[in-house]
Amino acid sequence: MAKPAELSPASPAMEVRTPPKDPGPSKLAGPATWVDERIGLAKLMSNIRKVFPDHWSFLLGEIALYSFVILLLTGVFLTIWFKPSMAEVDYAGSYELLRHVRMSEAFSSTLSISFDIRGGLLVRQIHHWSAMLFVAAMTVHMLRVFFTGAFRKPRELNWLIGVGLLSIGLVEGFAGYSLPDDLLSGTGLRFVDGLIRSIPLIGTWAEFFVFAGEFPGTLVIPRLYMVHILLVPGLLLGLISAHMALLVYHKHTHWPAPGRTNHNIQGYPFFPIYVAKAGGFFFIVFGITILMGALIQINPVWLYGPYNPSQVTAGSQPDWYMGFVEGAIRIIPNWEWHVLGTTWSWNIFLPGVALMGLLFTALAVYPFIEAWITGDKSEHHLLDRPRNAPNRTAFGVAGMAAYGMLWLAGGNDIIATQFQVSLNNVTYFMRVAVFVVPVLAFIVTKRICLSLQRADKDRVLHGSETNIIVRSPDGGYSEAHVPISQGEAYSLTRHPQLDALPPNGEKLGRTRQRLSRWYADGQVPTPTVEEIEAAAHHSDAPALEGSDTAESGVSH
Amino acid sequence: MSEQKNLPVPDPGLEEHEHRFTDVNEAAADRAYRQIVGMLAAVPVLVLAFLFVYFGVPKDAELVLFGANLQMQTTLLGLTSGLATLMIGVAAIAWARSLMSDEEIVGERHGAASPPEARERVLADLETGIEASGIRRRKLLGTGMAGALGLIAVPALVSLADLGPWPTPALRAETIERTLWAEGVRLVNDVSYLPLKASDLEVGQLVNAVPETLEKIEDGTAFQQGKAKAAIIVVRMDPNSIKIPDSRKDWQINGILSYSKICTHVGCPISLWEQQTHHLLCPCHQSTFDLANSGVVVFGPAARSLPQLPITTDSEGYLVARSGFTVPVGPSYFERDSSKDFKEGDR
Amino acid sequence: MRFLTSGRRHKAARPLLLLLSLFLVGAVYAAVSPATSSSAEGVADAQLVAAGKNLFAVNCASCHGLNAEGLAQQGAPNLTNVGAAAVDFQVRTRRMPMANPLTQAVPGSKTIFTDDEIKALAAYVASLGNGPAIPDQNQYDPSNVSAEGAARGGDLFRTNCSACHNFKGAGGALPNGVVAPRIENTPPEQVWEALRTGPGQMPVFAAGAIPDQDVQKVIAYIKQVNAAPSAGLSLGGLGPVAEGFWAWVAGIGSLVLFAIWIATRGTRA
């Protein structure tokens, strides 16, 4: 942390525009010179006044980053006692209700972390909550990036890295869920065994390779442990570093506002503001996660009991991020093919393996497909307001709706019991809803986006409502409007218009041309200079411009 | 997309900086300063409380909070350390928000691409390097190196072939196609291993059962693998209310039937049996099987009927298996054609 | 054995149901209450059965028939061999009498009969055939179960019960709107009766497979596992669905609020 004494609130922070005032010889000069002469510190730190824009939605990715750090810290603590072994032991620890029940060493050591190590249960709960938040924060961060168009050139590769992080984040979470070898994790593993087995051609081979023979075998937990604490965290660490490096290289996107262009970036300097804000946010994320670990019980494995292949519990569900796969598997009809003496289990392969592939492929190719449709090759550092990209927004909401329907289907038994409806009816409903609701969501969202565009245009042309009703000399009533500030009008009108690709401009394929026309169709054109002027003259009479009640002037 | 050259409303430029209260009012700044220091001062207090809880509160102490009965140690350790951590964060943010200079600054953006000169220089350097390597003249060097690099992955990949045993037909017959059930093996209650007497079973009864041979398996892995396939449920229904196909007439005794407990969808153990409808529901994905009709699927994603275990009684009246399962239990797999498994309408 | 209807009719209008049950309560008190409650103690078995027969005729016969032979189209089962335990369970938990044939008999808050009336009804039904009797305390009382016995009870519970009733007895879903009820606080006597008589869709778990000692262990486990302190609020024991809900609402929700606080500019002078 910085030395507080050096911070004077009056010190100017405009280094980029004006040369800094000379603060006198720095007290840090001695040690700094020592380090600089060895590793060129000054070159490394030349960026410490780098500018970061401020917006709450830019902090969502930080939640994911900090959750990852929390996972590393708490994970290391847990490895001190956890034994990834499927060897059977006689449990003699302090949780009486499982004494002398057959269980694996993995489960028994999880019990000992929970009941014999002070704070062990707390750390387990923090680790699990943090894992849920890690994937949740990645998801909302990705949605933010999607809906604001921040994945566009030059950030497509960083988007791909993000998709990679999300997908292996799921693998990491699932591996961790399986390690304690409790009843739910064993049920989950058995599910994965069936899932792998369903892969056409190589199913049984893959199954025997993963489990080192028949389920459950002795090796799957030690292997998942390696995956969970070495292989995947290593990959995550590497990808996160690349993600951050590209973020610094591209500089963060920013929202359109007066003075913000595609060629500048406005915000606060990394040091000291962002060191304090980002550092502080880390502690807030950590603090909230600890409080969740303290106050809300999660994954009470001692209640589930050790894995036993003949036991199962009502409400057997995976963690939330695998819920969409679970939902798809619950609502798929029982399709199975028999071809030339072989069996093709579509009822598992499609919702299990293929759906995940479909989701991540769709996410990965989206930026390229959009760029292909729009023919847009320019760099974008200003974010789109979601309403100004109605098709993209509608597509995103439709995707969320499909995901949400699958998610609900994954909890169909809980829905049935909590809302007292028939489980079968919930399932039949979801089979239809998973296709119909996204289409409805697309149409509704696109309409809403276009309406919002229209409202923006109205606001620019006619100003904002004042809630003041004016009676005109001839007895009519109307609501007075005040013109909006030039800054706001600029923000509402600066977005580029979507153009359909010129016909036969460069030997376009028919499909591309049609898609491009559809994509640009329906948008509300931003008002022209003439329209704005005409509206200003027209509204002179009823508007309160110039009177004392006007809240803001036209411009500064 | 058209670049915004002629905007309808011109860019008025950056808004003027407005000062905060804490910038212009020394008293407000002092108040913020005191609040931040106060939050930081709470941290040592909370850390002390944490230590007190860690060393002073026994593991089995209980605490009632929001009407719930909680483990006092875990909850208080979390509350103290969580609040302390949160305080540090909130203090840092409050410092940044109210006391650090909040003049926004503006930086330049440069395109992601390198300047054209740099690109040309690198391309030229590359050309020079390629020329110097001699690969252009001796073409086999390139192909040879690429091929060698590709092939060196082969040993790495092949070494993974021992990840697990190969599921050859012979191995499959020994593993996933075989269970502990065989002629004469008694059905015993799971957990307690009590043998089941046919005369003790009532109509409407469900027993979660395993083969008696399971109890004697010492090895944990063999035990789990054995149980994962051999677990069964035994039910007794009114013989007049169920459909028994001719081929399965002697697979049951007086309406006592036995089915695999392993779902044919992805292998969850199922025992949610409704004694009036005779339906058996899988709690994982809700496949439903009709036990009064040879275990055919009536709902859900499972495609194959639940395998039925042929049973009879031994000389003492205890239930025993008549043979092993006639089809493999659990999920389908590629190599076996399951189209000949029992289906609705088979005799 | 099948006490409850498996009728497929759906719920009638709620007000109608309420009226019906109010009417039933009134009818029972007016018709029976004075006659039996004062004289139940110490009467001979024959008298008890006779009183039960009267009660049965007024409260049960409309569905189950005057001689408890059942009525198929009402979905009301034959009761000649269900035994006293089944009557005690169904009536004491207010599953019976049902106001209307529903998918499933659901327990009410309080029985509409007195202890003596329940005894009389049970004695009457028991006199019709063979079925489990109301258990003695030594059959179900879990107080003598050792710590190890309770752990064994847990194993039995997870093998036989948790598939429907969930890992700590919070209940679960069955096909076509049927639910397995919560059993965390069910009195031991009723757990025993439910196992032996198989109410509704629940199968019978008879003594041949699960002897009384094992039932006591299961009861001891249910009691102890629900009495043990939890590591934070337990979210109704619903498992990962509830956990995911809280991760989003409490976790992401509160962190987004903090993020908004971090990024908004404070009040300007």
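Remember, predicted model here, so these are calculated numbers, not experimental data.

Thresholds applied
Residues numbered from 1 in each chain as written. Chains lettered and ligands numbered in written order. Predicted model: local features only at pLDDT ≥ 70, side-chain atom pairs only at ≥ 80, totals over all residues. Heavy atoms only, no water. Helix = DSSP H or I, 4+ residues; strand = E, 2+ residues; numbered from the N terminus. Buried < 20%, exposed > 50% of the residue type's maximum accessible area, 1.4 Å probe, protein only. Contact = heavy atoms within 4.5 Å. Areas by Shrake-Rupley, 256 points an atom, 1.4 Å probe, with all protein chains shown as cover. Pairing = 2+ DSSP bridges. Domains from an automatic or database assignment. Buried area = accessible area lost by both parts, 1.4 Å probe. Salt bridge = Lys/Arg side-chain N within 4 Å of Asp/Glu carboxyl O. Polar contact = N/O pair within 3.5 Å; in protein donor to acceptor, adjacent residues only side chain to side chain. Nonpolar A, V, L, I, M, F, W, Y, C, P; charged D, E, K, R; others polar. Expected span 1.5 Å × (residues − 1). Phe/Tyr/Trp six-rings, centres within 6.5 Å; stacked < 30°, edge-to-face > 60°. Lys, Arg positive; Asp, Glu negative; His and termini not counted.

Help me out: how do you make sense of the overall build of chain C in this one?
Of the regular secondary structure elements, chain C holds twelve helices and two strands. Walking chain C from its N terminus toward its C terminus, one meets helices and strands in the order α-α-α-α-α-α-α-α-α-β-β-α-α-α. The buried share of chain C, taken over its 269 residues, is 54%. For chain C, contacts bridging at least 24 residues in sequence account for 66% of all contacts bridging at least 6. Of the accessible surface of chain C, which amounts to about 11500 Å², a share of 59% is contributed by carbon and sulfur atoms.

Whenever I open this one, the sheet that holds strand 9 (residues 279-281) of chain B confuses me. Can you help?
Note on sheets: strands pair through backbone hydrogen bonds, and any given pair is parallel or antiparallel. All names here are of chain B. One open sheet holds the four strands; their spatial order is 8-9-10-11, and the pairing between them is antiparallel. Strands at the two margins of the open sheet, each flanked by one partner only, are strand 8 (272-273) and strand 11 (296-299). Alignment of strand 10 (residues 288-290) against strand 11, held across three bridges, turns out to be antiparallel. Directly across from Thr-288, in strand 11, lies its bridge partner Phe-299.

Got a minute to help me understand the domain arrangement of chain C in this structure?
Often the size quoted for an interface is simply the accessible area lost on bringing the parts together. Residues and elements named next belong to chain C. Splitting chain C by domain gives domain 1 (14-126) and domain 2 (144-227). Every contact between the two is made by eleven residues of domain 1 and, on the other side, 13 residues of domain 2. Taken together, the two surfaces of domain 1 and domain 2 that pack against each other cover about 860 Å², and 60% of this comes from carbon and sulfur. The tally of links between domain 1 and domain 2 comes to zero salt bridges. Counting the contacts that link domain 1 with domain 2 gives one residue pair in polar contact (both at pLDDT 80 or more). Split into classes, the residues belonging to the side of domain 1 that touches domain 2 amount to four nonpolar, four polar and three charged.

Hey, could you run me through the interface of chain A and chain C in this one?
Counting residues at the interface gives 67 residues for chain A, matched by 53 residues for chain C. Carbon and sulfur atoms supply 70% of the area that chain A and chain C bury against each other, a total of about 4600 Å² over both sides. Among the residues of chain A in contact with chain C, Leu-97, Gln-297 and Leu-303 of chain A are the three that bury the most area, contributing 15% of the side total. Viewed at the interface, chain C and chain A are joined by zero salt bridges. Where chain A touches chain C, the interface holds 13 residue pairs in polar contact (both at pLDDT 80 or more). Of all the elements in the fold, those that place two or more residues in the side of chain A that touches chain C are helix 3 (60-79), helix 5 (120-147), helix 7 (183-197), helix 10 (270-295), helix 11 (301-304), helix 15 (412-419) and helix 16 (423-462) of chain A.

Help me out: how do you make sense of helix 5 of chain A in this one?
An α-helix turns once every 3.6 residues. As a result, residues three or four positions apart point the same way. Residue and element names in this part refer to chain A. Between the first and last C-alpha of helix 5 there are 40 Å, a value that for 28 residues agrees with the 40 Å anticipated at 1.5 Å per step. Burial of helix 5 is extensive: 26 of the 28 residues sit out of reach of the surface. Just downstream of helix 5 lies Gly-149, where phi reads positive at about 70°.

Help me understand the packing of aromatic side chains, please; the structure alone is not making it clear to me.
The description of two aromatic rings rests on the distance between their centres and on the angle between their planes. All names here are of chain A. This model, assessed by the stated rule, comprises 43 aromatic pairs over all chains. Relative to Tyr-225, the ring of Phe-82 has its centre 5.5 Å away and its plane inclined at 45°; by these criteria the two rings are tilted. Here Phe-82, found in the loop between helix 3 and strand 2 (88-90), pairs with Tyr-225, found in helix 9 (residues 220-250); they are 143 residues apart in sequence, far enough to count as distant. Accessibility assignment for this pair places Phe-82 and Tyr-225 in one class, buried.

Can you help me understand the side chain of Arg-95 of chain C in this one?
Residue and element names in this part refer to chain C. With respect to the secondary-structure elements, Arg-95 resides in the loop between helix 5 (83-92) and helix 6 (115-126). No salt bridge forms around the buried Arg-95; measuring N to O, its nearest opposite-charge neighbour Glu-193 is 8.7 Å away. Reaching out from Arg-95, the side chain makes a polar contact with the side chain of Thr-93 at a distance of 3.1 Å. Apart from the residues lying within four places of it in its own chain, the contact partners of Arg-95 are Phe-89, Gln-90, Ala-105, Val-106, Pro-107 and Pro-181.

I would appreciate a short explanation of the interface of chain B and chain A in the present structure.
With 102 residues of chain B in contact, the opposing surface of chain A contributes 127 residues. Buried area between chain B and chain A, summed over both chains or domains, comes out near 10100 Å², and the portion from carbon and sulfur atoms is 62%. There are one salt bridge connecting chain B and chain A. A salt bridge links Lys-229 of chain B to Glu-214 of chain A, with the nearest nitrogen and oxygen atoms 2.5 Å apart. There are 36 residue pairs in polar contact (both at pLDDT 80 or more) connecting chain B and chain A. Within the residue set of the side of chain B that touches chain A, elements represented by two or more residues are helix 2 (26-56), helix 3 (72-98), strand 3 (105-108), helix 7 (169-174), helix 8 (220-230) and strand 11 of chain B. The dominant element in the side of chain B that touches chain A, judged by the number of residues it contributes, is helix 3 of chain B, at 19 residues.

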